[in-house]
Amino acid sequence: GECLKILSSSGGIGAISPETLRVQLDPIVRMLREIDAEAMLKLKKSKDGAHLQEGVRVEPIHNQIIPKVLDKDRSVVRYLHVLEIPDQYSIGIFVFPPHAKIPLHDHPDMCVISRLLYGSLTLKSFDIVQDMAPSIEFDEDLVHEAGEMNFDPRDSLSTIDMTDMDQQQLRSSQRMSVSSTYSWGSIASSAMDLESRARSSWFSTRTPSLLRPLRESSRISTNLLPPGAKRVTHSKLLDGEARNKNELVLHAPEVTMLFPQLGNLHEFIAGPEGAAVLDVLVPPYHDDDERDCTFYRVANEIPAKMVVDADCRDVQPVFVVLPIDQPSDYHCTPGRYAEYGKYDEEL
C-alpha cells in the first residue's frame with residue numbers, strides 16, 4: 001500500500017518512466033503472483049472446467065454471482081468490487097462468461113496490474129504515440145496496399161476511415177487540434193475555413209503540406225486528427241509474433257501490466273471456459289481528474305511506418321483509434337460472490 005500511496009502523490013504517474021514504475025510496483029506484482037485463487041474464490045475442481053494452473057481445472061463462477069442475469073444476457077461481464085482508496089488505487093475482479101469481451105478502452109494516466117485467476121483471455125494491446133517528431137516516412141508497400149487514398153487534410157474527417165455514426169459524432173465538435181513546431185493552436189476543420197486561411201501569405205507559406213493529398217508527399221505530418229482520436233502502435237509489451245498480430249493468449253496464473261503510454265489501450269476476450277481477472281488500478285478511474293474510461297475502435301492504419309525508439313531499431317505500423325460510445329453489445333454488471341462485491345440494491 002505504501003508504494004501505491006507514493007505513486008499517487010507524485011503529481012501524476014504519466015511523468016514517471018515505465019522502468020521506474022515497474023520497480024515501484026514490483027511488490028504488488030509479487031503479491032498477485034502468490035494469490036491462491038482456488039482458496040480466494042472457493043473454486044471447485046472440475047475435470048472439464050477452466051484452467052487454474054498446470055494440470056488443474058476448476059468450475060467457473062460466472063453463473064454463481066448474484067443477482068443472476070437473464071439467460072439471454074449470459075455474456076454479461078460481472079464486476080466484483082474488492083477495495084478502493086480514493087486517488088490511490090482500486091482493486092476489483094472481472095468475471096467473464098465464455099467468449100465474453102471487454103472492448104478496446106483506455107486507462108488515462110494510470111497503471112493497471114492484472115492477475116488472471118482462472119481461465120484464458122486473448123489480449124490486444126496498443127501503445128499511445130505521444131509525439132510524431134521527427135516526421136514519419138512513407139512505407140511504399142503500405143501505400144500500395146492502401147490503394148487510392150482520398151486523404152485531404154482540408155477536411156479532418158477525410159483523413160481516416162469512419163462510419164456515418166463516427167462522422168456525426170465528430171462533426172458536432174467541428175474543431176481539431178493542429179500541433180507542430182509553429183504551435184498553430186486550434187483551427188476550424190471545415191474546408192472553406194482552411195482554404196480562406198491558406199490565402200493569407202503567413203498561413204500558406206507555413207502549411208504547404210496541409211494543402212495537398214498525402215500521396216503527393218514523401219514526408220508528412222499526421223497531427224490532423226478528429227477530437228479525441230489517438231495515434232497508437234502495437235504494444236512493446238508484446239513480443240515477437242504476438243506483437244505483429246497484436247494478439248496474445250494469457251492463461252492463469254499470468255500477471256500483466258500496462259502503463260500511462262505502454263499498453264494503455266487494451267481489449268480482453270475470454271476463452272471457451274470463461275475467465276476471472278483481478279485488476280489493481282493505480283490510481284483508480286475518476287471523472288473529475290480526467291481519468292474517465294473511453295472506448296475506441298481502430299479506424300485505419302496510417303499508410304506509413306514510424307520509428308518508435310531513439311535507436312531507430314523498432315519500426316511499427318501506426319494506427320488511428322476513434323473514441324466511441326460504449327458498444328451496445330457490451331454489458332458489465334456489478335454483483336456479489338462470497339465476500340466480494342455488492343448487490344445492486346447496495347450500490
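Residues numbered from 1 in each chain as written. Predicted model: local features only at pLDDT ≥ 70, side-chain atom pairs only at ≥ 80, totals over all residues. Heavy atoms only, no water.

### Some thoughts on the overall build of the chain
Here is step 1: Each helix and strand counted, the chain has eight helices and 19 strands in total.
Here is step 2: Out of the 347 residues belonging to the chain, those deemed buried represent 46%.
Here is step 3: Here the analysis covers contacts within the chain between residues at least 6 apart in sequence; of these, 74% occur between residues at least 24 apart.
Here is step 4: For the chain, the exposed surface amounts to about 17700 Å²; the carbon and sulfur share of it is 49%. (Helix = DSSP H or I, 4+ residues; strand = E, 2+ residues; numbered from the N terminus. Buried < 20%, exposed > 50% of the residue type's maximum accessible area, 1.4 Å probe, protein only. Contact = heavy atoms within 4.5 Å. Areas by Shrake-Rupley, 256 points an atom, 1.4 Å probe, with all protein chains shown as cover.)

### Here we look at unusual backbone geometry
Here is step 1: Of note, the bond from Ala 252 into Pro 253 is cis; its omega dihedral lies within 30 degrees of zero at 5°.
Here is step 2: With respect to the secondary-structure elements, Pro 253 resides in the loop between β12 (248-251) and β13 (255-258).
Here is step 3: A cis geometry characterises the amide bond from Val 282 onward to Pro 283, with omega recorded as -15°.
Here is step 4: Residue position: Pro 283 is located in the loop between β14 (265-282) and β15 (295-307).
Here is step 5: Here His 99, not a glycine, exhibits a phi torsion of approximately 65°, which is positive.
Here is step 6: Within the fold, His 99 resides in the loop between β4 (89-96) and β5 (101-105).
Here is step 7: In this model, Ala 338 sits at a positive phi of 50°, which is unusual for a non-glycine residue.
Here is step 8: Following the sequence through the fold, Ala 338 ends up in the loop between β18 (336-337) and β19 (340-341).
Here is step 9: Classification of Ala 338 by relative accessible area gives partly exposed; the value is 37%.

### Concerning the side chain of His 107
Here is step 1: Its location among the elements puts His 107 in the loop between β5 and β6 (111-128).
Here is step 2: Engagement of the side chain of His 107 in a polar contact is seen with the side chain of His 266, the distance being 3.5 Å. (Polar contact = N/O pair within 3.5 Å; in protein donor to acceptor, adjacent residues only side chain to side chain.)

### Describing the nonpolar core
Here is step 1: Grouped together as the largest cluster of nonpolar side chains are 36 residues, with contacts concentrated most on Leu 41, Ile 93, Val 95, Ile 113, Tyr 118, Leu 278 and Val 280.
Here is step 2: Counting residues per element, the ones that place at least two in this core are α2 (18-33), α3 (37-40), β1 (45-53), β2 (56-58), β4, β6, β13 and β14.
Here is step 3: When residues of this core are assigned to their parent elements, the largest contribution, five residues, is made by α2.
Here is step 4: Beyond its immediate chain neighbours, meaning those up to four positions away, Leu 278 contacts Leu 32, Ile 35, Met 40, Ile 91, Gly 92, Ile 93, Ile 113, Ser 114, Arg 115 and Leu 117.
Here is step 5: Listed in part, the 18 residues of the second largest apolar core include Leu 116, Leu 123, Phe 295 and Tyr 330. (Core = buried A, V, L, I, M, F, W, Y, C linked by side-chain atoms within 4.5 Å.)

### Topic: the environment of Val 249
Here is step 1: Inspection of the secondary structure assignment puts Val 249 in strand β12.
Here is step 2: Residues Val 249 and Leu 121, 128 residues apart in the sequence, show an inter-C-alpha distance of 5.7 Å.
Here is step 3: If sequence neighbours within four positions are ignored, Val 249 has contacts with Ser 120, Leu 121, Thr 122 and Glu 254.

### What to know about the pattern of salt bridges
Here is step 1: Counting across every chain of the model gives six salt bridges.
Here is step 2: Among the salt bridges present, the one from Glu 38 reaches Lys 45, with a minimum N-O distance of 2.6 Å.
Here is step 3: For Glu 38, a relative accessible area of 24% corresponds to the partly exposed category.
Here is step 4: What makes Lys 45 exposed here is its relative accessible area of 57%.
Here is step 5: Where Lys 124 meets Glu 247, a salt bridge forms, and the shortest distance between an N and an O atom there is 3.6 Å. Within this pair, whereas Lys 124 is found in strand β6, its partner Glu 247 is found in the loop between α8 (240-245) and β12, the two being separated by 123 residues in sequence.
Here is step 6: Exposure remark for Lys 124: the relative accessible area of 25% places this residue in the partly exposed category.
Here is step 7: Residue classification places Glu 247 among the partly exposed positions, given a relative accessible area of 40%. (Salt bridge = Lys/Arg side-chain N within 4 Å of Asp/Glu carboxyl O.)

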